[in-house]
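Chain by chain, the residues run as shown.
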2 protein chains.
Amino acid sequence: MNNNKKKDLERMFSPREVAVVGATEKEGKIGNIIARNLLGLGYEGKIFFVNPKHKTLFKKRSYKSLTEIDDKIDLAIIAVPAKFVNQIVDEAKNKVKNFVVISAGFAEMNLEGKKREEELSTMAEKYQLNILGPNCLGFINPKIKLNASFASDLPKQGGISLISQSGALMVAMMDKARQESLKFSQIISVGNKMQLDEVALLKYLESDQDTKVIAIYLEGIKNGKELVKTAKKINKPIIILKAGRSEKTLQAISSHTGSLAGSDEIASIAFAKAGILRVQSLEEFFNTIKFISNYTDEKDNIRDFKNSVIITNAGGPGVLATDVFAETRLQLVDLSSETKDTLQQFLPMEASVENPVDLLGDADESRYEQALKILSNEKELDTIFCLLTAQDQTPTEKIAQVLVNFSNENDKRVIPIFIGAEKINKAVNILEKNNLPNFSFPKMAIKAVDRIYNWQEKRKELQLDEASVSEKNVGQVEVIRKSQQIIKNAIKENRKALLFAEATEVMKNYNIPTVDFVNFVDKKLWNNLSTAKLKFPVVLKIDSDKILHKTDRQGLILNIDNKKELRQAVKKMWTNFPGEKLLAQSMIVSQSELILGLKRDPIFGATIVFGLGGIYTEVFKMVDFMLLPLTRKEIKRNILQSKINFLFQKTRGKIIADVDEMTDLIFNFSRLAEDLQQVKEIDINPLLINKEGKFLAVDIKIMI
Amino acid sequence: MNNNKKKDLERMFSPREVAVVGATEKEGKIGNIIARNLLGLGYEGKIFFVNPKHKTLFKKRSYKSLTEIDDKIDLAIIAVPAKFVNQIVDEAKNKVKNFVVISAGFAEMNLEGKKREEELSTMAEKYQLNILGPNCLGFINPKIKLNASFASDLPKQGGISLISQSGALMVAMMDKARQESLKFSQIISVGNKMQLDEVALLKYLESDQDTKVIAIYLEGIKNGKELVKTAKKINKPIIILKAGRSEKTLQAISSHTGSLAGSDEIASIAFAKAGILRVQSLEEFFNTIKFISNYTDEKDNIRDFKNSVIITNAGGPGVLATDVFAETRLQLVDLSSETKDTLQQFLPMEASVENPVDLLGDADESRYEQALKILSNEKELDTIFCLLTAQDQTPTEKIAQVLVNFSNENDKRVIPIFIGAEKINKAVNILEKNNLPNFSFPKMAIKAVDRIYNWQEKRKELQLDEASVSEKNVGQVEVIRKSQQIIKNAIKENRKALLFAEATEVMKNYNIPTVDFVNFVDKKLWNNLSTAKLKFPVVLKIDSDKILHKTDRQGLILNIDNKKELRQAVKKMWTNFPGEKLLAQSMIVSQSELILGLKRDPIFGATIVFGLGGIYTEVFKMVDFMLLPLTRKEIKRNILQSKINFLFQKTRGKIIADVDEMTDLIFNFSRLAEDLQQVKEIDINPLLINKEGKFLAVDIKIMI
């Protein structure tokens, strides 16, 4: 996006002049709500109304068209029936560059609408217009008191930018936001996302100085790769709630890999790769935004959230809070003996000075204050969870003020968890006014902090990745050419998959270790066998692009002990599968059966699956995913954080396999995936680890 | 508990006369708060104050002692320093039978306090007294407007009985309860649970007609077996929040079984077995109580919750709600074409008549009403989740009233999910006043309903179990005698574990299939070997009660192919482990390695562990647990619901093992566990499934 366009988006979302096409005084009409939102909430820019049916509207001149207005127009909001929209934009395209199209009746409706939207999109591109929507609610910029939407209300001004693909959700969130004092820089309804989608808006919000946190509600993603690339570079927290997790994939599934990597799981991997904080429910979305928007200050650069202490005026909730830590990566620290001694000195005898620190039910503000002061000397401590249940005598407001003061003067983070309702309401108000959001339950708080801690750790990893040298494929021309030739031949023969010999060849080209085998093509059986280095026992299998699940179809005979048995087995196979090619491999004693696969996700692109293989791959689901592009460093980290990391750690005195070897293997596999775009899916299953800890691709399916 | 005692608890919790020992007019004192709670909240029974320092208190006579009072006394509340408590009880023991001991300074404090509590406990037993506490807040019975505690406030009267081991939590919950209009029959703080613990109170609440739902917050459980037995019989929902999930077990762990079954996991199994609904956080506790207390009416006997439909006025939240269903056992039903047609007729064209049904953003009360009416004709439908986001024009209160009316006149369940704050507050009030609790977020609602659905299913299973014939061990005398003799011998020799030969013998006694083996005791090596039916290859291992993790300690040699190799192996072992017994077994080709174990939990008793075995048992954690006693029916159901249920289903065309055979095996194992109480732990690992699908106990450790 060039600078020129960036400037346009600034003019769009902070316009000096706004025109409403379709403004009306008729109540209940959308054009009426928008006009009143512009007039009534304090916006200080120029406002123009366009409606050829009227001479004046709201005591202002009503224009026949946008072009009739003499002034410059930064933004036009269009709220007329869909069939008139394109014409209006077309007429004004040289005068106005930024449009919000409120009108429904485009691609979301029917074929006619879809055509209409395509036409509008072409116009936008040709004349370099910015168009938000169509079929959207508009947007709200609280800083300039501009409500360019038909949602009523003007939220408080602050650092949260909310992008929502659902107008209804946006309105509900604004309602809840007011109650919980959330503050916004932009609230943008994207509607059909014809042109201004999450990627374009992220690019704009990256440089918007008022935006500290970006929250996005998504129902679909158009360009996943671009989203990952863009988000990765943005140094502001991005929180995404994506609906449609349970969406069923309609594609036919022809490989393990295909069935293992659901499209929503891949979205999760992609978000993690991009350093996006993904949440799984509306409640999490809300809590996380609320929390993170209050904690994006200088403290972030000093402290993370990991080392935690709980102080409480009630033992029970303290234990409940402790329980939650087991589900997180946060750490309840052991307090130093010095701290414990000092706490002991001023606390009553029955108090606990272990973590959680129990200040007892009659704790007042001075006891909280003193405890916080002492804890501030624990250097390694990051976060203090302050639990409070309001007993009848508890001075809740004073304690709230103690927390606020401490938080302002100290670099430790303070997380209040005041449990109750009426008895704590005033205290909670004090906390929230001072940017210390309260959580009503321990789990909610600790999980929210953990989510942010994990996200910060992920961001740190990404920064390290950026710093590492990127690995290029050089001198690979010949490898690519040879491999592509194999694929071309297969395509010429109308095959959907490579034969085993071909697949093995491709693997060899990319230095992925394979197993010796012998092919039987009809009569040539014994000739081939004599030249082979097969060691009995062997396995005999069908080598066909048609029969993919060999075990299921009985195209596989195991434990063949000698030549005689082999001859019988070959005969049997050819009776059951006349005309098919066969192949025999020595059976390998393995320590572990893995799977390594490739899938091309329509939204996020090449995805690598790796984990435990064998016939129970789907039962155990001990698999993980990586998205391309990948560096060796990223691969190694992913392996060590994966479900099969135990293979690389000492168990019962020995290590099964070497993580660097697996890293190389997957790196080579990822180059293959990048080089050979004609390959649709790959299943290496099993990828054996033999007795010596070496990896061997035993069965290889390459779908083209 | 005999009838007499039951009556006493009724007198305790619904007393006609209450005396307060330690009453005072001095503000801030506990004796003052209790006295004012009795006087000021409307209790109509007789009130007596005991305090020898005063002649009158609150314009009433102040007695020197309980015995000085002429009237009968149903309940005495004691709020004096701990050191005076026992004497007061002792003096009054013939006059008063029910006490609430508020005073702290007992077992929770120090050794002296512990002694004091033991004394009090002995007195209680000897004189058949009921004592709540010590170290508790007291209790509240809203029906008779009795607050016999030092928490202020009198909650609304209703069907929830809350038992809390934390006073602070009880107060906080009452505060929240008022806000969310929860209604109570009893609120009981149990303190140290010296005598009246959760089991005793459950027995009382079972017959308390006002109690519809029992909610318990626990920090520790004294008698787990009794709790399971009692809860199982109670036909009211019991919800437990138990703190201390992450409690570390301090016992030394000498077996896989020991390390797999954490004490908290066993508590979960026990709760499930008892038909108790366990929740994992304070928020879940609260939501579940709120919800279930509003849904325990006649509808429960007609409908379960499973078949669900979502109706919504916003697509986004509808999709978010749909996503949650994937994490539950609830079902989003396909609507009948008749229903869809009828919906289509009255809804605007853009509305969706699939499930979730989208009524569109401008839906008013009549659109909700009409949709509900049409859906009521879907016979199989149980639950209607009614989502609403408040758009500016949405008549939220009218829609709330529509939901209330429909719910009153119809047997379908209606679950409102109104999302927002200010815009929906009045509507939510209407809903809650009419016993339709609102959930602020879809996930919260659907998860709560799912929790209750699962609990209902569990209760149904338990009822079926009750109906099934119980299985007795008859004619087992000889088996028990023989097995116990083996154990006695080992104990005599100061061994901590049985030798393999002994363990095998015990297994054989209980019809658990084992593997042939040969023992080598020093020189007798070849004599033994000649008599053996060992088939090579064999495995040689140490048979010792001292070396339990053979693989780790290299006390195991695999793949010995002939006599010569065996001789060498024996030599090597005896060099490394001089004087130890050895044993050789033929190696068995297996389809699967399982683990079957026994552990005796200090709280819940004998626990059986079963699942995937082998060296990665702890890595995969594909294990499940069962608590004794067990019927065959229960075992089979547990196996089929377990993580290894795939072994008994067709995979790639074949079934690995027979579930009835495994059921018999575990049933026999459970009889062994019941008969031989001297056995502390058992590990059968691996329990192999051989090529023919037969189970074989290959390695057996029996700890005594």
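Nothing here was measured: the structure is a model prediction, and the numbers come from that model.

Overview of the overall build of chain A
Now for step 1: When helices and strands are counted, chain A shows 25 helices and 29 strands.
Now for step 2: Viewed in the frame of its principal axes, chain A has a C-alpha envelope of about 95 × 80 × 40 Å.
Now for step 3: Among the 704 residues that make up chain A, the fraction classed as buried is 59%.
Now for step 4: In chain A, the share of contacts with a sequence separation of at least 24, taken over all contacts with a separation of at least 6, comes to 70%.
Now for step 5: For chain A, the computed accessible surface area is about 30,100 Å², with 48% contributed by carbon and sulfur atoms.
Now for step 6: Placing the 103 positive and 91 negative side-chain charges of chain A at their respective mean positions leaves the two points 6 Å apart.

Overview of the sheet that holds strand β6 (residues 98-101) of chain A
All names here are of chain A.
Now for step 1: What the seven strands build is an open sheet, ordered β3-β4-β2-β1-β5-β6-β7; its pairing is mixed. Edge positions in the sheet fall to β3 (56-57) and β7 (130-132), since each has one partner strand and no second.
Now for step 2: Relative to strand β5 (residues 75-78), strand β1 (residues 17-21) is paired through four bridges, and the arrangement is parallel. Each residue of the ladder has a partner; that of V18, found in β5, is L75.

Here we look at the sheet that holds strand β20 (residues 517-520) of chain B
Within a sheet, neighbouring strands are paired by backbone hydrogen bonds and run either parallel or antiparallel to one another.
All names here are of chain B.
Now for step 1: Across the sheet, which stays open at both edges, the four strands sit in the order β20-β23-β21-β22 with antiparallel pairing between neighbours. Looking along the sheet, the strands with just one partner apiece sit at the ends: β20 and β22 (556-560). Taking the axes of each pair of neighbouring strands and ignoring which way they run, one obtains an average angle of 20 degrees across the sheet.
Now for step 2: Strand direction decides the pairing type here: β20 and strand β23 (residues 581-586), joined by four bridges, are antiparallel. Among the inter-strand pairings, V518 is bridged to a residue of β23, identified as A584.
Now for step 3: Contacts between helix α19 (residues 500-509) and the sheet are confined to β20, β21 (538-543) and β23, with β20 contributing the most and set at about 150 degrees to the helix.

Here's the deal with the relation of the copies chain B and chain A
Now for step 1: When chain B is fitted onto chain A, the two copies agree to an RMSD of 0.1 Å after a turn of 180 degrees and an axial shift of 0.0 Å. The symmetry that links the two subunits is that of a two-fold axis. Across chain B, the smallest distance between a C-alpha and the rotation axis is recorded for F620 of chain B, namely 4.4 Å.
Now for step 2: A high fraction, 99%, of the interface residues of chain B reappear at the interface in chain A, so the copies pair face to face through one surface.

A few points about unusual backbone geometry
Now for step 1: Following F536 of chain A, the chain continues to P537 of chain A via a peptide bond in cis, the omega torsion being -5 degrees.
Now for step 2: On the secondary structure map, P537 of chain A appears in the loop between α20 (525-531) and β21 (538-543).
Now for step 3: Of note, the bond from N355 of chain B into P356 of chain B is cis; its omega dihedral lies within 30 degrees of zero at 5 degrees.
Now for step 4: In this structure, P356 of chain B sits in the loop between α13 (337-346) and β17 (357-358).
Now for step 5: Even without glycine at this site, K145 of chain A takes up a positive phi of about 55 degrees.
Now for step 6: The topology assignment puts K145 of chain A in the loop between β8 (138-141) and β9 (146-149).
Now for step 7: With a phi close to 60 degrees, N135 of chain B is a non-glycine residue in the positive phi region.
Now for step 8: Checked against the element boundaries, N135 of chain B lands in the loop between β7 (130-132) and β8 (138-141).

Concerning the interface of chain B and chain A
Now for step 1: Between chain B and chain A, the residue contacts involve 68 residues of the former and 67 residues of the latter.
Now for step 2: Across the interface of chain B and chain A, roughly 5,600 Å² is buried in total on both sides, 62% from carbon and sulfur atoms.
Now for step 3: Inspection of the chain B/chain A interface yields zero salt bridges.
Now for step 4: Sorting the residues of the side of chain B that touches chain A by element identifies α5 (167-179), β13 (238-242), α10 (282-293), α12 (315-325), α17 (442-467), α21 (550-553) and α23 (617-620) of chain B as the ones contributing at least two each.
Now for step 5: Grouping the amino acids of the side of chain B that touches chain A by side-chain chemistry returns 35 nonpolar, 16 polar and 17 charged.

Some words on the packing of aromatic side chains
Now for step 1: Under the counting rule described, the total for this entry stands at 21 aromatic pairs over all chains.
Now for step 2: Look at F620 of chain A and F620 of chain B: their rings are 6.3 Å apart centre to centre, the planes differ by 0 degrees, and that puts the pair in the stacked class. Within this pair, whereas F620 of chain A is found in helix α23 (residues 617-620), its partner F620 of chain B is found in helix α23, the two belonging to separate chains.
Now for step 3: For F620 of chain A, a relative accessible area of 24% translates into the label partly exposed.

Focus: α5 of chain B
Residues and elements named next belong to chain B.
Now for step 1: Between its terminal C-alpha atoms α5 stretches 19 Å, which fits the 18 Å expected from 13 residues at 1.5 Å a residue.
Now for step 2: When we look at burial in α5, the residues that qualify are G167, A168, L169, M170, V171, A172, M173, M174, D175, K176 and A177.
Now for step 3: A side-chain oxygen of the first residue of α5 lies 3.5 Å from the backbone nitrogen of A168; this N-cap is S166.
Now for step 4: At the exit of α5 stands S181, carrying a positive phi of roughly 45 degrees.

Some words on the environment of V171 of chain A
Now for step 1: Mapped onto the fold, V171 of chain A is located in helix α5 (residues 167-179).
Now for step 2: When the C-alpha positions of V171 of chain A and G40 of chain A are compared, they lie 18 Å apart, and in sequence the two are 131 residues distant.
Now for step 3: Discounting residues that sit within four places of it in the chain, V171 of chain A has contacts with L137 and A151 of chain A together with A390, Q391 and K423 of chain B.

Observations concerning the pairing of strand β26 (residues 623-627) of chain A
Residue and element names in this part refer to chain A.
Now for step 1: Of all five residues that make up β26, five are buried, and the element is covered over most of its length.
Now for step 2: Along β26, one buried face is formed by V623, F625 and L627 and the opposite face, lined by D624 and M626, is buried too.
Now for step 3: Here five bridges tie strand β25 (residues 605-612) to β26, and the two strands are oriented antiparallel to one another. Opposite V609, over in β26, you have F625 as the bridge partner.

Quick look at the domain arrangement of chain A
Residue and element names in this part refer to chain A.
Now for step 1: Under the domain assignment, chain A is made up of domain 1 (10-292), domain 2 (307-465), domain 3 (516-587) and domain 4 (590-703).
Now for step 2: For domain 2 and domain 4, the distance between their C-alpha centroids amounts to 43 Å.
Now for step 3: If you look at the interface, domain 2 gives four residues, while domain 4 gives four residues.
Now for step 4: Contact between domain 2 and domain 4 buries roughly 370 Å² in total, counting both sides, with carbon and sulfur atoms accounting for 25%.
Now for step 5: The interface formed by domain 2 and domain 4 holds one salt bridge in total.
Now for step 6: Between E461 and R637 there is a salt bridge, with the nearest N and O atoms lying 2.9 Å from each other.
Now for step 7: The interface formed by domain 2 and domain 4 holds two residue pairs in polar contact (both at pLDDT 80 or more) in total.
Now for step 8: Across the side of domain 2 that touches domain 4, the residue classes break down as one nonpolar, no polar and three charged.

Some points on helix α9 (residues 263-273) of chain B
Now for step 1: Those residues of α9 of chain B lying buried are D264, I266, A267, A270, F271 and K273 of chain B.
Now for step 2: G275 of chain B sits one or two positions beyond α9 of chain B and adopts a positive phi of about 70 degrees.

Here's the deal with the nonpolar core
Now for step 1: Among the nonpolar cores identified, the biggest contains 176 residues, and F285, L403 and F418 of chain A together with F285, L403 and F418 of chain B are the most heavily contacted of them.
Now for step 2: Every residue in contact with L403 of chain B, bar those within four places of it in the chain, is listed here: L372, C386, V414, P416, F418, L431 and L436 of chain B.

A word on the pattern of salt bridges
Residues and elements named next belong to chain A.
Now for step 1: What the rule picks out here adds up to 65 salt bridges over all chains.
Now for step 2: Across the pair R178 and D153 runs a salt bridge whose closest N-O atoms are separated by 2.9 Å. On the criterion of sequence distance, the pair formed by R178 in helix α5 and D153 in the loop between β9 and β10 (156-164) is long-range, its members being 25 residues apart.
Now for step 3: On the accessibility criterion, R178 (33% relative accessible area) is partly exposed.
Now for step 4: Between R495 and E502 there is a salt bridge, and its shortest N-O distance comes to 2.8 Å.
Now for step 5: Overall, R495 belongs to the buried group, its relative accessible area being 12%.

Each value, and the rule that gives it
Residues numbered from 1 in each chain as written. Chains lettered and ligands numbered in written order. Predicted model: local features only at pLDDT ≥ 70, side-chain atom pairs only at ≥ 80, totals over all residues. Heavy atoms only, no water. Helix = DSSP H or I, 4+ residues; strand = E, 2+ residues; numbered from the N terminus. Buried < 20%, exposed > 50% of the residue type's maximum accessible area, 1.4 Å probe, protein only. Contact = heavy atoms within 4.5 Å. Areas by Shrake-Rupley, 256 points an atom, 1.4 Å probe, with all protein chains shown as cover. Lys, Arg positive; Asp, Glu negative; His and termini not counted. Charge placed at Lys NZ, Arg CZ, Asp CG, Glu CD. Pairing = 2+ DSSP bridges. Axes fitted to C-alpha atoms, helices over the stretch in contact; angles between N-to-C directions. Least-squares fit on C-alpha atoms with pLDDT ≥ 70 in both. Buried area = accessible area lost by both parts, 1.4 Å probe. Salt bridge = Lys/Arg side-chain N within 4 Å of Asp/Glu carboxyl O. Nonpolar A, V, L, I, M, F, W, Y, C, P; charged D, E, K, R; others polar. Phe/Tyr/Trp six-rings, centres within 6.5 Å; stacked < 30°, edge-to-face > 60°. Expected span 1.5 Å × (residues − 1). Polar contact = N/O pair within 3.5 Å; in protein donor to acceptor, adjacent residues only side chain to side chain. Domains from an automatic or database assignment. Core = buried A, V, L, I, M, F, W, Y, C linked by side-chain atoms within 4.5 Å.

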